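If you want the building blocks of each chain, they are given just below.
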Amino acid sequence: MSTTQFMETLFGKLPEFFKDEEELRKLWSDPETRKKLLQGLAEKGFGGEQLTEMQKIIDAENSDLFDVLAHVAYALPTVTRAERAVYAKRAIGKELNYKQQEFVDFVLSHYVNVGVSELDRDKLSPLLQLKYHNSIADAVSVLGKPDEIGRVFVGFQKLLYQHQPGA
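The rules behind the values
- Residues numbered from 1 in each chain as written.
- Predicted model: local features only at pLDDT ≥ 70, side-chain atom pairs only at ≥ 80, totals over all residues.
- Heavy atoms only, no water.
- Helix = DSSP H or I, 4+ residues; strand = E, 2+ residues; numbered from the N terminus.
- Buried < 20%, exposed > 50% of the residue type's maximum accessible area, 1.4 Å probe, protein only.
- Axes fitted to C-alpha atoms, helices over the stretch in contact; angles between N-to-C directions.
- Parallel < 35°, antiparallel > 145°, perpendicular 65-115°, else oblique.
- Left-handed = near helix turned anticlockwise from the far one by under 90°.
- Contact = heavy atoms within 4.5 Å.
- Nonpolar A, V, L, I, M, F, W, Y, C, P; charged D, E, K, R; others polar.
- Core = buried A, V, L, I, M, F, W, Y, C linked by side-chain atoms within 4.5 Å.
- Salt bridge = Lys/Arg side-chain N within 4 Å of Asp/Glu carboxyl O.
- pLDDT = per-residue confidence, 0-100.
- Phe/Tyr/Trp six-rings, centres within 6.5 Å; stacked < 30°, edge-to-face > 60°.
- Lys NZ or Arg CZ within 6 Å of the ring centre and 35° of its normal.

Colleague: What exactly am I supposed to notice about unusual backbone geometry here?
Modeller: The phi angle of most residues is negative, glycine excepted, and most peptide bonds adopt the trans form. With phi around 55°, Asp 59 is a residue other than glycine that occupies positive phi space. Examined against the element boundaries, Asp 59 turns out to sit in the loop between helix H4 (48-57) and helix H5 (65-74). With relative accessibility at 64%, the residue Asp 59 sits in the exposed group. A positive phi angle, near 55°, is found at Ala 75, a position not held by glycine. Looking at the element boundaries, Ala 75 is found in the loop between H5 and helix H6 (81-92).

Colleague: I would appreciate a short explanation of the packing of helix H7 (residues 98-114) against helix H10 (residues 146-160) in the present structure.
Modeller: Two quantities define a packed helix pair, namely the angle between the helix axes and the distance between the axes. Close contact between H7 and H10 brings their axes to 11 Å; oriented N to C, the two are set at 55°. With respect to H10, the element H7 is oriented oblique. The crossing of H7 and H10 is right-handed. Of the residues in H10, those in contact with Gln 100, Phe 103, Val 104, Val 107, Leu 108 and Tyr 111 of H7 are Glu 148, Arg 151, Val 152, Phe 153, Phe 156 and Leu 160. Per-class residue counts for the contact of H7 with H10 are nine nonpolar, one polar and two charged.

Colleague: Looking at this model, I keep getting lost on the nonpolar core. Mind explaining?
Modeller: The nonpolar side chains of a soluble globular protein tend to be buried with one another. With 48 residues, the main nonpolar core has Leu 37, Leu 41, Phe 103 and Phe 156 as its most contacted residues. Element by element, the count of residues in this core is highest for H5, at seven residues. Setting aside residues no more than four positions away along its own chain, Leu 41 makes contact with Leu 10, Leu 14, Phe 17, Phe 46, Gly 47, Leu 51 and Leu 69.

Colleague: Can you walk me through the environment of Asp 138 in this structure?
Modeller: The topology assignment puts Asp 138 in helix H9 (residues 136-143). You can call Asp 138 partly exposed: its relative accessible area is 39%. For the pair formed by Asp 138 and Ser 125, sequence separation is 13 residues and the distance between their alpha carbons is 12 Å.

Colleague: Hey, could you run me through the pattern of salt bridges in this one?
Modeller: Should the charged atoms of two oppositely charged side chains come close, the side chains can pair. Throughout the structure, instances matching the rule amount to eight salt bridges. The salt bridge involving Lys 44 is made with Glu 16; its shortest N-O contact spans 3.4 Å. In this pair, Lys 44 sits in the loop between helix H3 (31-43) and H4 while Glu 16 sits in the loop between helix H1 (3-13) and helix H2 (21-29), placing the two residues 28 residues apart along the sequence. In this structure, Lys 158 engages Asp 30 in a salt bridge whose closest nitrogen and oxygen atoms are separated by 3.9 Å. Pair noted here: Lys 158 is in helix H10 and Asp 30 is in the loop between H2 and H3, with a separation of 128 residues, a long-range link.

Colleague: Before we go on, may I ask you to explain the confidence of the model for the protein chain in this structure?
Modeller: Caution is warranted with low-pLDDT regions, since their predicted coordinates should not be read in detail. Residue-level pLDDT values for the protein chain average 89, and 94% of them are 70 or greater. The spread of mean pLDDT over the elements of the protein chain runs between H1, the lowest at 71, and H7, the highest at 96.

Colleague: Looking at this structure, how should I read the packing of aromatic side chains?
Modeller: Aromatic ring pairs: the centre-centre distance and the angle between the two ring planes describe each pair. A complete count under the given rule lists four aromatic pairs for this structure. A ring pair is formed by Phe 18 and Tyr 74, whose centres lie 6.3 Å apart and whose planes are at 50°; its orientation type is tilted. Taken as a pair, Phe 18 in the loop between H1 and H2 and Tyr 74 in helix H5 lie far apart in primary sequence, 56 residues in all. Classification of Phe 18 by relative accessible area gives buried; the value is 2%. Classification of Tyr 74 by relative accessible area gives partly exposed; the value is 29%. Look at Phe 66 and Tyr 161: their rings are 5.6 Å apart centre to centre, the planes differ by 55°, and that puts the pair in the tilted class. Taken as a pair, Phe 66 in helix H5 and Tyr 161 in the segment after H10 lie far apart in primary sequence, 95 residues in all. Across the pair, Tyr 161 and Phe 66 agree in class, each one buried. Taking NZ or CZ as reference, Arg 34 lies 5.9 Å from the ring centre of Trp 28, over its face. Taking NZ or CZ as reference, Lys 131 lies 5.9 Å from the ring centre of Tyr 132, over its face.

Here it is in structure tokens:
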């Protein structure tokens, strides 16, 4: 399949998954619905490997897969993960305490370097262990109860994917 055919096929299938840009943002902003969306895309032949290839084709290797989908579906300009993280940090600063911001900054640095997979719920425990020297107890003492940590981890992602000025 040529690049053009692949993009046309993907473009034609995307309405099965989300009806507009706002729904895509909403789905992508939550780790659980993002995971389901990615699974659905993979079942239709648009798995991680294909989406990564699409990132290369549209010269968006440093962008989030969200930007790939938004670009293909709505011709939105791509934003790098680093730009997205900088914008989110400004918005996050108003909602979290210093220690929570510090942890989110740590998560965002992994997101910028590795990609959206670092924002999966399954990565929360390994990220906490990495940041807090293999001690979930230390993470809890610094960040709060596990449900609060989960709320922070999921909550900042909504800010990460909101509209950005100039995007």
